[in-house]
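# Remarks on the overall topology
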Protein chains: 2
Amino acid sequence: MSKRLTIKEIAELTGVSSATVSKVLNNTGRYSEETKKKILEIVDKYDYRPNAVAKSLRTNKSKTIGVIVPDITNEFFAQIVLAIEKYCGPQGYSVFICNSDEQEEKEIQYLKDLEIKGVDGLIYLAGSNHLLQTRRNLPIVCIDRKPDLSNITIVTSDNLNGGYLATSELIQKGCKNILIMRDHRDFLTTVERHNGYKRALTENGLEVKEENVLHLEVGIEQGKQAIEKLIRAGQFDFDGIFATTDGLAYGAYLALREQGIEVPQDVKLVGFDNVSLAKYNSISSVNQDKELMGQLAAENLLAMIESGVSTTIQHSLTIPVALVSRGSSE
Amino acid sequence: MSKRLTIKEIAELTGVSSATVSKVLNNTGRYSEETKKKILEIVDKYDYRPNAVAKSLRTNKSKTIGVIVPDITNEFFAQIVLAIEKYCGPQGYSVFICNSDEQEEKEIQYLKDLEIKGVDGLIYLAGSNHLLQTRRNLPIVCIDRKPDLSNITIVTSDNLNGGYLATSELIQKGCKNILIMRDHRDFLTTVERHNGYKRALTENGLEVKEENVLHLEVGIEQGKQAIEKLIRAGQFDFDGIFATTDGLAYGAYLALREQGIEVPQDVKLVGFDNVSLAKYNSISSVNQDKELMGQLAAENLLAMIESGVSTTIQHSLTIPVALVSRGSSE
């Protein structure tokens with residue numbers, strides 16, 4: 001049977017002060033490697049049941065992970081981060097969230113900071129495909145980002161099917177000329193949604209028209225202005241809109257309402273993400289399972305950390321999506 | 001004039017390997033205190049213009065701060081965190097965001113983790129008044145939280161005036177019997193808003209009735225159910241509602257609409273926070289200057305960090321609020 005040593009007892013056995021023992025066990029302040037070694041030997045010898053910190057000193061695990069997120073004020077991202085947090089908490093892992101503001105410079109800085117602080121692994125949420133390699137070769141999982149590197153686990157929704165489902169819904173409800181409002185950047189997620197849109201049109205014998213593609217900055221205001229502009233220019237010949245984010249869909253809805261165009265009578269509308277904006281404004285949307293995305297990313301990352309593996313064979317975890325039909329596509 | 005030494009030159013001058021110099025300057029891997037001292041002496045002697053990491057080693061500053069937030073999926077909190085981040089970035093500080101999920105246990109764990117990782121200071125966002133003291137006596141700033149401790153800088157909106165403005169708006173527009181929907185917890189912010197409500201009623205010769213106070217869990221669904229329950233119980237005798245959060249206000253709005261009660265004709269409504277829910281549903285709301293709250297908190301914290309002061313005379317920074325009138329109180 002082991003007995004829990006007190007800090008004082010460890011101090012007596014090693015011949016250093018209690019203050020120094022405390023510093024080493026709590027990993028604060030200054031002490032030499034020799035002192036640390038001496039203390040940990042005693043701790044081992046007497047089967048001292050270590051707290052998380054002492055354990056971390058020995059295993060070089062800090063039981064913390066970092067999450068780099070482009071915009072925490074975006075509900076979709078915030079929900080995923082929450083799910084990561086919910087999974088990690090009970091496993092004894094803390095999550096440091098870093099908001100990169102979609103700036104690569106900030107991302108580089110945070111990556112550096114997180115490495116210096118000794119996190120055990122990283123989750124990248126969205127952003128560019130260019131992935132910054134860490135110096136210590138930390139375990140990494142990406143959500144909605146497909147890096148050039150070959151050894152990363154990727155979690156994404158089935159965006160292709162999502163675009164297909166959204167567009168098919170509009171076609172089934174009678175739309176013949178369907179706009180797509182999409183993020184202007186060629187991110188993995190957007191490109192796939194756009195491909196799903198094209199596939200649905202083609203399968204149903206509808207023409208894929210370049211002028212029906214709006215490349216936009218994502219945001220409510222941007223969506224609103226884009227539709228206003230079309231209508232003012234006399235180009236109101238569409239009867240359906242697929243927006244690749246709920247923010248764009250809601251912006252379109254506001255513009256149509258202001259112009260006296262009725263949704264769904266005159267124009268039907270489907271968004272993507274299924275966040276509050278869609279739910280509380282009766283806008284149909286493709287649901288992404290944010291909870292499962294966060295959970296799977298965290299689960300895979302912790303498995304890599306715990307097994308001491310920092311690289312994996314690249315594999316993609318593709319999570320099913322579902323269309324949630326509401327008033328805007330009735 | 002100083003010349004920037006290379007890692008190789010530092011290695012030659014100290015007699016250790018370049019790899020070790022790099023480890024010390026980047027604070028990664030293992031090395032003895034003696035080696036570190038030797039390297040830093042050279043760095044000092046030759047006026048090596050240090051990068052952030054080397055500087056942090058000497059000053060014990062890591063140029064990182066931690067922010068503990070109860071719920072990152074809450075837009076109000078997310079906006080404040082973003083403002084903190086926006087202020088800190090250009091000052092060379094990184095921000096680690098930790099989501100406590102309103103659980104004290106998690107808060108304790110994060111506090112410990114952030115201390116171990118060596119952040120230079122902390123911002124607490126909302127939560128209970130019980131404040132956990134840090135071991136290293138780190139500089140702390142609180143937003144919307146008033147701890148028992150006497151030496152903390154606090155940033156809050158003028159919640160008293162906010163409650164007063166919201167209730168006065170309803171009275172001016174003709175309401176005689178005004179409900180207050182409030183967070184059931186006695187947080188500083190809620191209590192002040194409630195006091196403002198009472199003051200406005202009293203000043204206008206209206207009775208303050210205990211049965212007009214709804215103590216609720218905050219959330220859209222909870223707000224909706226509370227109003228539904230009142231109406232179903234035949235207690236629909238109110239003509240105005242002041243909700244202490246926009247979520248509660250929006251819930252009330254949904255319940256009223258479903259019951260065929262018109263806003264603002266039958267019941268007028270004012271919320272608090274002025275987040276998207278209010279903006280996009282034409283609900284009047286008391287605006288909190290989230291940008292300024294985050295900025296002032298960060299500014300004060302960095303000033304403490306930079307000046308090496310970890311305690312201050314307690315002072316409260318109270319930020320003005322403004323009523324934003326919309327359709328719900330016309």
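It should be emphasised that the depicted structure is a prediction, and the values quoted were computed from it without experimental measurement.

## Here we look at the nonpolar core
Formed by 85 residues in total, the largest nonpolar core has its most connected members in A:Ile65, A:Ile84, B:Ile65 and B:Ile84. Among the elements that take part in this core, helix α12 (residues 290-307) of chain A stands out by supplying eight residues, more than any other. Setting aside residues no more than four positions away along its own chain, B:Ile84 makes contact with B:Ile65, B:Val67, B:Val95, B:Ile123, B:Ile143, B:Gly294 and B:Ala298.

## Section: the pattern of salt bridges
In this structure the tally under the stated criterion is 18 salt bridges over all chains. For A:Glu228, the salt bridge goes to A:Lys224, with nearest N and O atoms at 3.2 Å. You can see A:Glu228 and its partner A:Lys224 sitting in helix α9 (residues 220-232), four residues apart, about one turn around the helix. Where B:Glu258 meets B:Lys224, a salt bridge forms, and the shortest distance between an N and an O atom there is 3.2 Å. Taken together, the residues B:Glu258 in helix α10 (residues 246-258) and B:Lys224 in helix α9 (residues 220-232) connect sequence positions 34 residues apart. Beyond isolated ion pairs, a larger network of salt bridges with shared partners links A:Glu102, A:Asp183 and A:Arg185.

## A short note on the sheet that holds strand β8 (residues 240-243) of chain B
Residues and elements named next belong to chain B. Reading across from one edge, β7-β6-β8-β9-β10-β12 is the order of the six strands in this open sheet, with mixed pairing throughout. Edge strands, defined here as strands with exactly one partner in the open sheet, are β7 (213-216) and β12 (322-324). Adjacent strand axes in the sheet meet at a mean angle of 20°, parallel and antiparallel pairs treated alike. The pairing of β8 with strand β9 (residues 268-273) spans three bridges and is classified as parallel.

## Some details on the confidence of the model for chain A
Residue and element names in this part refer to chain A. Counting all residues, the mean pLDDT for chain A is 87, and 87% of those residues have values of 70 or more. Counting interchain partners and residues more than four positions distant, the pLDDT-below-50 stretch residues 48-58 has 30 contacts. We note a pTM of 0.77 for the whole complex and an ipTM of 0.71 for its interfaces.

## What to know about the sheet that holds strand β9 (residues 268-273) of chain A
All names here are of chain A. Here six strands make up an open sheet; going across it, the order is β7-β6-β8-β9-β10-β12 and the pairing mixed. Unpaired on one side and paired on the other, β7 (213-216) and β12 (322-324) mark the two borders of the sheet. Each strand axis lies, on average, 20° off the axis of its neighbour in the sheet, ignoring direction. For strand β10 (residues 284-287) and β12, the ladder comprises three bridges, and the chain directions are antiparallel. Looking at β12, one finds that valine 286 is bridged to leucine 323. Seen against the sheet, helix α7 (residues 159-172) touches β6 (178-183), β8 (240-243), β9, β10 and β12 and runs at an angle of roughly 165° to β9.

## Remarks on the relation of the copies chain B and chain A
Least-squares fitting of chain B to chain A yields an RMSD of 0.2 Å, with the transformation described by 0.1 Å of translation along the axis and a rotation of 180°. When the rotation and shift are considered jointly, the pair of chain copies conforms to a two-fold rotation axis. When C-alpha distances to the rotation axis are compared across chain B, the minimum falls at B:Ile97, with a value of 2.3 Å.

## So, the interface of chain B and chain A
Chain B puts 43 residues into the contact, and the matching count from chain A is 43 residues. For the pair chain B and chain A, the summed buried area comes to about 4,000 Å², and 55% of that belongs to carbon and sulfur atoms. Together, B:Phe96, B:Lys117 and B:Tyr280 form the three largest contributors to the area buried by chain B at its contact with chain A, with a combined 17%. Counting every contact that joins chain B to chain A gives two salt bridges. Notably, a salt bridge pairs A:Lys106 with B:Glu85, separated by 2.8 Å at the nearest N-O pair. Linking chain B with chain A are 16 residue pairs in polar contact (both at pLDDT 80 or more). If you list the elements that add at least two residues to the side of chain B that touches chain A, you get α3 (33-45), α4 (52-59), α5 (75-88), β2 (94-99), α6 (104-116) and α10 of chain B. Ranked by residues supplied to the side of chain B that touches chain A, first place goes to α6(B) with seven residues. In the side of chain B that touches chain A, the residues fall into 18 nonpolar, 13 polar and 12 charged.

Calculation notes
- Residues numbered from 1 in each chain as written.
- Chains lettered and ligands numbered in written order.
- Predicted model: local features only at pLDDT ≥ 70, side-chain atom pairs only at ≥ 80, totals over all residues.
- Heavy atoms only, no water.
- Core = buried A, V, L, I, M, F, W, Y, C linked by side-chain atoms within 4.5 Å.
- Buried < 20%, exposed > 50% of the residue type's maximum accessible area, 1.4 Å probe, protein only.
- Helix = DSSP H or I, 4+ residues; strand = E, 2+ residues; numbered from the N terminus.
- Contact = heavy atoms within 4.5 Å.
- Salt bridge = Lys/Arg side-chain N within 4 Å of Asp/Glu carboxyl O.
- Pairing = 2+ DSSP bridges.
- Axes fitted to C-alpha atoms, helices over the stretch in contact; angles between N-to-C directions.
- pLDDT = per-residue confidence, 0-100.
- Least-squares fit on C-alpha atoms with pLDDT ≥ 70 in both.
- Buried area = accessible area lost by both parts, 1.4 Å probe.
- Polar contact = N/O pair within 3.5 Å; in protein donor to acceptor, adjacent residues only side chain to side chain.
- Nonpolar A, V, L, I, M, F, W, Y, C, P; charged D, E, K, R; others polar.

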